[in-house]
Amino acid sequence: MSDTSVVSIQDGTPAIPLKDGLTNLATGLGTAKEKAHHNVWEHSNRNVDHVQLSARFREDWISQKVCKVIPQDMTRQWRTFENSDAAEADEHFNVSLIFREAYQWARLYGTSFVLMDINDGRQPDKPVNWKKLKPGCIRSFNVVDRTRITVIGVIDQEPLSPTFGMPTHYQFVNSPVMIHKDRLIRFEGTELPIYERQRNLWYSDSVLIPLMQQIDNFHTTSSAAAQMVQEANTDIIQVEGLAEILQNDQGTNAMLSRFSDWKAIKSVFGVSILDSTEVYDQKKIQLSGVKDLIWEYLRMVAASVGIPATRLLSASPDGMNATGESDLINYIELLEGMQKDIFEPRLKRVDPLLAAHFGLPLEDFEYEWGCIFPESASQKQDRLVAESTWLCQLSDSGIISRESALNQAKATGLVSEDATVGDDPNPTPITPPKGA
């Protein structure tokens, strides 16, 4: 909603100010009378306090899951190679674990780095000499979060550069050694516009920052509910002349001793002994609706990070006849997109190093992503039955030959690779010619 003023053409005096958007003068909607009109979003600068982020990760199970679940699922089946040597090279340096840890700490702190210790004949403050890489050039890969690395040097101001607006060098805390950007692989949490990232010391934001209020609301509500459970049943005893009894210390001490003994007898023997003038009552706190409120906060967190509640909270699907299959499909598509956008560009820097280190051609590192959530035994059995029935129908109807059906069965794993076409158990009878 923006303010615009209409200026009189005759004398140039400003006329009645106008506003773009829905307003209602009677109710105050869209005007300064509306309370929401004064809401203002401000920078919390919470990403600077990495100690608080660390405390949340260590003490809060929701924050742990938010940071860990997606990286775990993205790397659970990792990638498959047609070339066995490339697969062994990837497994030798445990690239999947490196990427999992790097993305996990990036989600927690906003940015993390994979430090590539490369023997290319140059100092760490120089770009990698990609043309001089030899077998055995990789010394190690190490994951470092942004709390241990600071920005140093100049900022890339070349507009056409792929790293425009980013630092050219970094430096470890308490270390004078400068490290060129070529020797680091950055992983980001919540990515920011270029100028916001510069205000943020060239780091991204933690994914926990927008979720902190909802997470705190959950813990506050659950703690309050736990306190309510302890006070769910409250004993009330009406004592005649109580005000007069409590006027002196002797009466107060006698009353406290009296009901301490009464509570002990009631707890041990399950009976309540009262004077004939005393009236006993009990009030119960209604806890209905508290469970729904707690779960609603958790569902908000799950929806905010794109993780189904069945995965984040190990909860059963909501709704009648719900199986959670559609939520899982959406989640798998999200993870596949993140693998393409986050992991693949960074693997393009790792694979040439692996190829040079083991003396393999780069073409051997062609790969496909594995199935994130492999099918269960029952799902596999149902799929094989459906495929075998389909192939039998196609073969029996003559749409495909028995040899083609066998080849398809081998490709889908219905039969072993050495299976051959057998005799037809129901051969078509041969009709003798007339006059024979």
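Residues numbered from 1 in each chain as written. Predicted model: local features only at pLDDT ≥ 70, side-chain atom pairs only at ≥ 80, totals over all residues. Heavy atoms only, no water.

Chemist: Explain the overall build of the protein chain here, please?
Modeler: Looking only at helices and strands, the protein chain features 13 helices and 12 strands. Put simply, the protein chain shows about 28,100 Å² of open surface, and 53% of that area lies on carbon and sulfur atoms. (Helix = DSSP H or I, 4+ residues; strand = E, 2+ residues; numbered from the N terminus. Areas by Shrake-Rupley, 256 points an atom, 1.4 Å probe, with all protein chains shown as cover.)

Chemist: Would you mind going over the sheet that holds strand β7 (residues 167-172) with me for this structure?
Modeler: Pairing between the strands of a sheet is mediated by backbone hydrogen bonds and can be parallel or antiparallel. On the basis of which strands lie adjacent, the open sheet formed by three strands has the order β6-β7-β8 and antiparallel pairing. Each edge of the open sheet carries a strand with a single partner, namely β6 (149-155) and β8 (178-180). Each neighbouring strand pair of the sheet contributes to a mean axis angle of 35 degrees, computed without reference to strand direction. As paired strands, β6 and β7 are joined by five bridges and run antiparallel to one another. The residue bridging Val-151 from the neighbouring strand is Tyr-170, located in β7. (Pairing = 2+ DSSP bridges. Axes fitted to C-alpha atoms, helices over the stretch in contact; angles between N-to-C directions.)

Chemist: So what exactly am I meant to see when it comes to the pattern of salt bridges here?
Modeler: Considering all chains together, one arrives at 12 salt bridges under this definition. In this structure, Arg-76 and Asp-73 form a salt bridge, with 2.9 Å as the shortest nitrogen-oxygen distance. Judged by its relative accessible area of 36%, Arg-76 is partly exposed. Residue Asp-73 is classed as buried on the basis of its relative accessible area of 0%. (Salt bridge = Lys/Arg side-chain N within 4 Å of Asp/Glu carboxyl O. Buried < 20%, exposed > 50% of the residue type's maximum accessible area, 1.4 Å probe, protein only.)

Chemist: Any chance you could explain the packing of aromatic side chains here in plain terms?
Modeler: For any pair of aromatic rings, geometry is given as the distance between the ring centres together with the angle between the planes. The final tally for this structure, using the stated rule, is 18 aromatic pairs. Between Trp-262 and Tyr-280 the ring centres are 6.0 Å apart and the planes differ by 55 degrees, which places this aromatic pair in the tilted class. Pair noted here: Trp-262 is in helix α8 (residues 249-269) and Tyr-280 is in strand β11 (residues 279-284), with a separation of 18 residues, a long-range link. Using a relative accessible area of 5% as the deciding quantity, one classes Trp-262 as buried. What makes Tyr-280 partly exposed here is its relative accessible area of 32%. Between Tyr-367 and Trp-369, the ring centres sit 5.6 Å apart and the planes meet at 80 degrees, which makes this aromatic pair edge-to-face. (Phe/Tyr/Trp six-rings, centres within 6.5 Å; stacked < 30°, edge-to-face > 60°.)

Chemist: Can you walk me through the packing of helix α2 (residues 61-75) against helix α9 (residues 290-305) in this structure?
Modeler: The description of two helices packed together rests on the angle between their axes and the distance between the axes. Two elements in contact, α2 and α9, have axes whose closest approach is 11 Å; the angle formed by their N-to-C orientations is 25 degrees. Between α2 and α9, the crossing angle belongs to the class labelled roughly parallel. Once α2 is placed against α9, the crossing between them reads as right-handed. Residues Trp-61, Ile-62, Val-66 and Ile-70 of α2 form the contact with α9, whose participating residues are Leu-298, Val-301 and Val-305. Tallied by class, the residues present in the contact of α2 with α9 amount to seven nonpolar, no polar and no charged. (Parallel < 35°, antiparallel > 145°, perpendicular 65-115°, else oblique. Left-handed = near helix turned anticlockwise from the far one by under 90°. Contact = heavy atoms within 4.5 Å. Nonpolar A, V, L, I, M, F, W, Y, C, P; charged D, E, K, R; others polar.)

Chemist: Just to check I follow, could you spell out the pairing of strand β4 (residues 111-118) for this structure?
Modeler: The element β4 is extensively covered by neighbouring structure, given that seven of its eight residues are classed as buried. Across five bridges, the pairing between β4 and strand β9 (residues 184-188) is antiparallel. Looking across to β9, one finds that Val-114 is bridged to Ile-185. In this sheet, strand β5 (residues 138-145) lies alongside β4 in antiparallel orientation, the contact comprising seven bridges. Across the sheet, the residue bridging to Leu-115 is Asn-142, located in β5.

Chemist: Would you take a moment to explain a positive patch on the surface for this structure?
Modeler: On the surface, a cluster of positive charge is made up of Arg-122, Lys-126, Lys-132 and Lys-134. Take Lys-126: it is sitting in the loop between β4 and β5. (Patch = residues over 30% accessible without salt bridge, like charges linked within 9 Å, V, L, I, M, F, W, Y side chains within 5 Å. Lys, Arg positive; Asp, Glu negative; His and termini not counted. Charge placed at Lys NZ, Arg CZ, Asp CG, Glu CD.)

Chemist: Even after reading the chapter, I still don't get α8, so can you show me in this structure?
Modeler: For the α-helix, the turn length of 3.6 residues means that residues three or four positions removed from each other point alike. With 21 residues, α8 should cover 30 Å at 1.5 Å per step; its first-to-last C-alpha distance of 30 Å lies within 8% of that length. Buried within α8 we find Gly-251, Met-255, Phe-259 and Trp-262. Looking down the long axis of α8, one finds its buried residues gathered within 55 degrees of arc, a one-sided arrangement. For α8, exposure combined with an orientation more than 90 degrees from the buried face picks out Asp-249, Gln-250, Asn-253, Leu-256, Ser-267 and Val-268. In this structure, the buried side of α8 is in contact with β10 (233-238), α7 (242-245) and β11. Its side-chain oxygen 3.3 Å from the backbone nitrogen of Gln-250, Asn-248 forms the N-cap of α8. Just downstream of α8 lies Gly-270, where phi reads positive at about 75 degrees. (Expected span 1.5 Å × (residues − 1). Arc of directions from axis to C-beta. Polar contact = N/O pair within 3.5 Å; in protein donor to acceptor, adjacent residues only side chain to side chain.)

Chemist: Is there a simple way to think about the sheet that holds β5 in this case?
Modeler: Sheet architecture is open: three strands sit in the order β5-β4-β9, paired in antiparallel fashion. Both outer strands of the open sheet, β5 and β9, are each paired with one neighbouring strand and no more. Direction aside, neighbouring strands of the sheet carry axes that sit 15 degrees apart on average. Along the sheet face, helix α4 (residues 95-109) touches β4, β5 and β9 and points at about 145 degrees away from the line of β4. Across the sheet, helix α11 (residues 325-358) is in contact with β4, β5 and β9; its angle to β9 comes to roughly 160 degrees.

Chemist: For this particular structure, what's the right way to read the nonpolar core?
Modeler: If you look at soluble globular proteins, the nonpolar side chains tend to sit buried side by side. Counting residues in each nonpolar core, the largest one holds 65 residues, and the members touching the most others are Phe-99, Tyr-103, Phe-141, Phe-187 and Phe-343. If one sorts the elements of this core by residue count, α11 sits on top with 12 residues. If you look at the next biggest cluster of nonpolar residues, it comprises nine residues, including Phe-113, Leu-115, Val-144 and Tyr-203. (Core = buried A, V, L, I, M, F, W, Y, C linked by side-chain atoms within 4.5 Å.)

Chemist: Even after reading the chapter, I still don't get helix α3 (residues 84-92), so can you show me in this structure?
Modeler: Taken together, the buried positions of α3 are occupied by Ala-86, Ala-89 and Asp-90. All buried residues of α3 lie within an arc of 100 degrees about the axis, which places them on one face of the element. Turned more than 90 degrees from where α3 packs its buried face, Ser-84, Glu-88, Glu-91 and His-92 sit exposed. Looking at the buried side of α3, the elements it contacts are β3 (79-81), α4 and α11.

Note that every value here comes from positions in space, so none of it alone points to a role or purpose.
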